[in-house]
Amino acid sequence: MSTKWLNLIVEMKAKEENTELAILNAAKEVFQEKGMAGSRMQEIADKARINKSMLHYYYRSKQLLFEAVFKNAFRLLAPQLNRVLNDDSELFDKIRNFTNNYISFVIQHPYLPNFVIQELNKNPDFIGKLRTEKDFPTIDKFKIQVEEAIARGIIKPIRAEQLFINTISLNIFPFIAAPLLQGLINVEEKEYRELMERRKAEVADFIINSIRL
């Protein structure tokens, strides 16, 4: 194959990758602003500066596009959480780091928690797809550390699975129920976001104080 044709193929591939990246960035912005239900493919195409036919060439449906946006974000989050859960940091530091990383990430991607819940309700096999992703988080090291902390008399007896579920629940619920909680505590979006920033430390303190001996 001639150099001319090779250069042409490289250019076409680069153009396709740039177009797909533009689509994913545009979709992320629209999904964050309007959620899955309120987003329209035409709006995403307009923001990506392509026509709707081109958008459908890359992603046949809004659902497939949403999954692609989610997986891209998950691939950024998963290694962070996996690294925190399985590093050699002390248990209390691990809880603080996990909470800080998780909340920081979801503040930047607020559509993700609700998408996970919606998708799992519609498609229980979705988590199976996620588990095949590289760096899908595991709690193996975390479980060992919890058992060791109990044996050393540092924390109260608790199953590592329960502690992990408690941590996840306290981190994720304020994002899933954000509109309800904003109404109940009577705060605007900006103030609620500030509450979420402060929650990084407060959730970790609450969990640690609940298990500390």
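About the thresholds
- Residues numbered from 1 in each chain as written.
- Predicted model: local features only at pLDDT ≥ 70, side-chain atom pairs only at ≥ 80, totals over all residues.
- Heavy atoms only, no water.
- Patch = residues over 30% accessible without salt bridge, like charges linked within 9 Å, V, L, I, M, F, W, Y side chains within 5 Å.
- Areas by Shrake-Rupley, 256 points an atom, 1.4 Å probe, with all protein chains shown as cover.
- Salt bridge = Lys/Arg side-chain N within 4 Å of Asp/Glu carboxyl O.
- Helix = DSSP H or I, 4+ residues; strand = E, 2+ residues; numbered from the N terminus.
- UniProt positions renumbered as here; feature names shortened; annotations may be inferred.
- Domains from an automatic or database assignment.
- Contact = heavy atoms within 4.5 Å.
- Buried area = accessible area lost by both parts, 1.4 Å probe.
- Polar contact = N/O pair within 3.5 Å; in protein donor to acceptor, adjacent residues only side chain to side chain.
- Nonpolar A, V, L, I, M, F, W, Y, C, P; charged D, E, K, R; others polar.
- Phe/Tyr/Trp six-rings, centres within 6.5 Å; stacked < 30°, edge-to-face > 60°.
- Buried < 20%, exposed > 50% of the residue type's maximum accessible area, 1.4 Å probe, protein only.
- Lys, Arg positive; Asp, Glu negative; His and termini not counted.
- Charge placed at Lys NZ, Arg CZ, Asp CG, Glu CD.

## Let's talk about a nonpolar patch on the surface
At step 1: Judged by side-chain polarity, Leu180, Leu184 and Ile185 come together as a nonpolar surface patch covering roughly 320 Å² of accessible area.
At step 2: Mapped onto the secondary structure, Leu184 falls in helix α10 (residues 178-185).

## Things to note about the UniProt feature "DNA-binding region" (unreviewed entry) in the protein
At step 1: Here the UniProt-annotated "DNA-binding region" (unreviewed entry) positions come out as residues 40-59.
At step 2: Secondary structure across residues 40-59 comprises 75% helix and 0% strand; the distance between its end C-alpha atoms is 13 Å.

## Some details on the domain arrangement of the protein
At step 1: When the domains of the protein are assigned, the result is domain 1 (1-60) and domain 2 (73-211).
At step 2: Centre-to-centre separation of domain 1 and domain 2, based on C-alpha positions: 32 Å.
At step 3: On the domain 2 side, the residues contacting the 4 residues of domain 1 number 5 residues.
At step 4: Overall, the association of domain 1 and domain 2 removes approximately 370 Å² of surface from exposure, summing both partners, and the carbon and sulfur fraction of that is 62%.
At step 5: Of all residues in domain 1, Lys28, Gln32 and Met36 give up the largest surface area on contact with domain 2, accounting jointly for 84% of the area buried on that side.
At step 6: Summed over the shared surface of domain 1 and domain 2, the result is 0 salt bridges.
At step 7: Taken together, the links from domain 1 to domain 2 amount to 0 residue pairs in polar contact (both at pLDDT 80 or more).
At step 8: For the side of domain 1 that touches domain 2, a count of residues per class yields 2 nonpolar, 1 polar and 1 charged.

## Thoughts on the environment of Asn114
At step 1: Within the secondary structure, Asn114 sits in helix α6 (residues 112-122).
At step 2: Sequence spacing of Asn114 and Ile144 is 30 residues, and the spatial spacing of their C-alpha atoms is 31 Å.
At step 3: Ignoring anything within four residues of it in the chain, the contact list for Asn114 reads Phe175 and Ile176.

## Remarks on the packing of aromatic side chains
At step 1: If you walk through the whole model with that rule in mind, you get 5 aromatic pairs.
At step 2: When the ring of Phe31 is compared with that of Phe66, the centres are 4.2 Å apart and the planes differ by 45 degrees; the resulting orientation is tilted. One end of the pair, Phe31, is in helix α1 (residues 3-38); the other, Phe66, is in helix α4 (residues 62-86), and 35 residues separate them in sequence. Phe66 carries the same exposure label as Phe31, and that label is buried.
At step 3: Aromatic pair Phe98 and Phe164: ring centres 5.8 Å apart, planes at 65 degrees, arrangement edge-to-face. In this pair, Phe98 is assigned in helix α5 (residues 91-108) and Phe164 in helix α9 (residues 160-176), connecting sequence segments 66 residues apart.

## Quick word on a negative patch on the surface
At step 1: Taken together, the side chains of Glu188, Glu189, Glu191 and Glu194 define an acidic patch exposed on the protein surface.
At step 2: Within the secondary structure, Glu188 is located in the loop between α10 and α11 (189-211).
At step 3: By relative accessible area, Glu188 is classed as exposed at 62%.

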